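These are the residues of each chain, in order.
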Amino acid sequence: MRVLVQSDPFDAAALLSGFGAGAGAVVTFTGLVRGDGGLVALELEHYPGMTEAALSDHARAAARRFALTDVLVVHRFGRIELGAPIMMVATAAPHRRAAFDGADFLMDWLKSRAPFWKREIGADGPGGWVAAKDADEDALSRW
Amino acid sequence: MTLDVLYFAWLRERIGVPRERVESRAETVRDLVAELAARDDWHAAALADLSAVRVAVDQRLADMDASLAGAREVAFFPPMTGG
């Protein structure tokens with residue numbers, strides 16, 4: 001299991017090299033900065049210390065619940081340009097269903113329980129903080 | 001007791017500092033919110049609508065009725081928007 005919280009861009013191919021060796025299925029999800037409403041970048045704030053602990057706790061919980069053989073979570077903070085990866089999760093399991101479900105579960109949790117806050121940066125500078133979506137909170141009740 | 005109180009995102013901006021050390025007699029998070037809101041208008045405004053505020057006690061998510069017995073660090077922030 002590996003959890004990375006960093007401001008630098010990450011190299012997905014390098015991180016996934018050897019990930020899940022021996023498993024039957026690997027699922028990866030990567031979230032990118034979307035260009036809504038003239039946005040040119042996102043600025044992500046986080047809670048140093050709590051972020052790493054919370055991500056590790058939840059990666060362990062996902063591994064137990066879905067019998068994952070490996071979990072990777074990488075999440076950036078700071079300024080992230082349009083189109084660039086914000087975060088990635090990868091799960092490995094003997095079969096695909098557990099790998100998909102484990103990744104889905106981790107993503108639903110990350111959206112509304114990991115201590116990150118996004119702010120939109122437009123061409124004219126910093127804009128507003130992104131509001132949490134009810135749909136993201138509702139998604140957690142699936143689990 | 002002495003508490004480190006942290007603020008993130010728009011709470012940090014409205015209160016004007018990312019963290020402060022406070023002397024508190026609060027037994028619960030709700031008591032602490034009342035003490036902080038009484039400090040000045042900025043705290044009061046930022047903490048006026050608690051439906052928009054989440055809290056962590058010693059870096060674990062908690063609720064407004066959580067006990068502060070033995071706590072050292074309390075953080076206030078808006079609903080999280082990771083992923």
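For clarity, every value in this text was computed on a predicted model and none was experimentally measured. (Residues numbered from 1 in each chain as written. Chains lettered and ligands numbered in written order. Predicted model: local features only at pLDDT ≥ 70, side-chain atom pairs only at ≥ 80, totals over all residues. Heavy atoms only, no water.)

Colleague: Mind laying out the overall build of chain A, listing which residues take part and the relevant values?
Modeller: The helix and strand tally for chain A stands at four helices and eight strands. What you see in chain A, going N to C, is helices and strands ordered as β-α-β-β-α-β-β-β-α-β-β-α. The C-alpha radius of gyration of chain A comes to 15 Å, within 12% of the 15 Å expected for a compact globule of 143 residues. By the burial criterion, 48% of the 143 residues in chain A qualify as buried. Long-range contacts, defined as pairs at least 24 residues apart, comprise 77% of the intrachain contacts of chain A with a sequence gap of at least 6. Of the accessible surface of chain A, which amounts to about 6,900 Å², a share of 52% is contributed by carbon and sulfur atoms. Both charge centroids of chain A, one from 15 positive and one from 18 negative side chains, sit 5 Å from each other. (Helix = DSSP H or I, 4+ residues; strand = E, 2+ residues; numbered from the N terminus. Rg over C-alpha atoms; globule rule 2.2 N^0.38 Å. Buried < 20%, exposed > 50% of the residue type's maximum accessible area, 1.4 Å probe, protein only. Contact = heavy atoms within 4.5 Å. Areas by Shrake-Rupley, 256 points an atom, 1.4 Å probe, with all protein chains shown as cover. Lys, Arg positive; Asp, Glu negative; His and termini not counted. Charge placed at Lys NZ, Arg CZ, Asp CG, Glu CD.)

Colleague: Describe the interface of chain A and chain B, naming the residues involved and giving the relevant values.
Modeller: Listed per partner, the contact involves 25 residues of chain A and 20 residues of chain B. Our count for the contact surface shared by chain A and chain B stands at three salt bridges. Residue Glu13(B) pairs with Arg119(A) through a salt bridge whose shortest N-O separation is 2.4 Å. In this assembly, chain A and chain B are joined by 14 residue pairs in polar contact (both at pLDDT 80 or more). Contributing elements (two or more residues each) for the side of chain A that touches chain B: strand E3 (39–46), helix H2 (50–66), strand E6 (85–93), helix H3 (96–113) and strand E7 (116–122) of chain A. At five residues, H3(A) tops the list of elements feeding residues into the side of chain A that touches chain B. (Salt bridge = Lys/Arg side-chain N within 4 Å of Asp/Glu carboxyl O. Polar contact = N/O pair within 3.5 Å; in protein donor to acceptor, adjacent residues only side chain to side chain.)

Colleague: Describe the sheet that holds strand E5 (residues 73–77) of chain B, and please don't skip the residues or the numbers.
Modeller: Residues and elements named next belong to chain B. One open sheet holds the five strands; their spatial order is E2-E1-E5-E3-E4, and the pairing between them is mixed. A single partner strand is all that each edge strand has here, and the edge strands are strand E2 (19–23) and strand E4 (60–62). Strand-to-strand twist across the sheet, computed as the mean angle between neighbouring axes with direction ignored, equals 30°. In this structure, strand E3 (residues 54–57) lies alongside E4, joined through three bridges in antiparallel fashion. Paired with valine 55 across the bridge in E4 is alanine 62. Running at roughly 75° to E5, helix H2 (residues 29–37) makes contact with strand E1 (2–7), E2, E3 and E5 of the sheet. (Pairing = 2+ DSSP bridges. Axes fitted to C-alpha atoms, helices over the stretch in contact; angles between N-to-C directions.)

Colleague: Hey, could you go over the nonpolar core for me, with residue numbers and the actual values?
Modeller: Nonpolar side chains in soluble globular proteins tend to be buried together. Counting residues in hydrophobic clusters, the biggest one holds 34 residues, and the most contacted among them are Tyr47(A), Val29(B), Leu32(B), Leu68(B) and Phe76(B). Secondary-structure elements contributing two or more residues to this core are E1, helix H1 (9–15), H2, E3 and E5 of chain B. Membership of the second largest hydrophobic core comes to 32 residues, among which are Leu42(A), Val89(A), Phe105(A) and Leu110(A). (Core = buried A, V, L, I, M, F, W, Y, C linked by side-chain atoms within 4.5 Å.)

Colleague: A description of the sheet that holds strand E4 (residues 70–76) of chain A should follow, citing residues and the corresponding values.
Modeller: Residues and elements named next belong to chain A. Strand order across the open sheet formed by four strands is E1-E4-E6-E2, with mixed pairing between neighbours. Of all the strands in the sheet, just strand E1 (2–6) and strand E2 (25–32) have a single pairing partner and so form its edges. Pairs of neighbouring strands in the sheet enclose a mean axial angle of 5°, with direction left out of account. By the bridge criterion, six bridges tie E4 to E6 in an arrangement that is antiparallel. Within E6, the residue paired with valine 74 across the bridge is methionine 88. Taken strand by strand, H2 contacts E1 and E4, and its axis lies near 150° from that of E1. Against the sheet, H3 touches E2, E4 and E6, its axis set at about 145° to E6.

Colleague: Account for the pattern of salt bridges, with residues named and values stated.
Modeller: Residues and elements named next belong to chain A. One pass over the structure, following the stated rule, counts 13 salt bridges over all chains. When the shortest N-O distance is used, the salt bridge between arginine 60 and aspartate 57 registers 3.0 Å. Linking arginine 60 with aspartate 57, this pair stays in helix H2, spanning three residues, or about one helical turn. For aspartate 101, the salt bridge goes to arginine 97, with nearest N and O atoms at 3.9 Å.

Colleague: Give a description of the pairing of E3(A) that names residues and reports values.
Modeller: Residues and elements named next belong to chain A. Across the eight residues of E3, six count as buried, placing the element largely inside the fold. Pairing geometry for E3 and E7, over seven bridges, is antiparallel. Considered in E7, the bridge of alanine 41 is made with isoleucine 121. The pairing of E3 with strand E5 (residues 78–81) spans four bridges and is antiparallel. Its bridge partner being in E5, leucine 42 is matched across the sheet by isoleucine 80.

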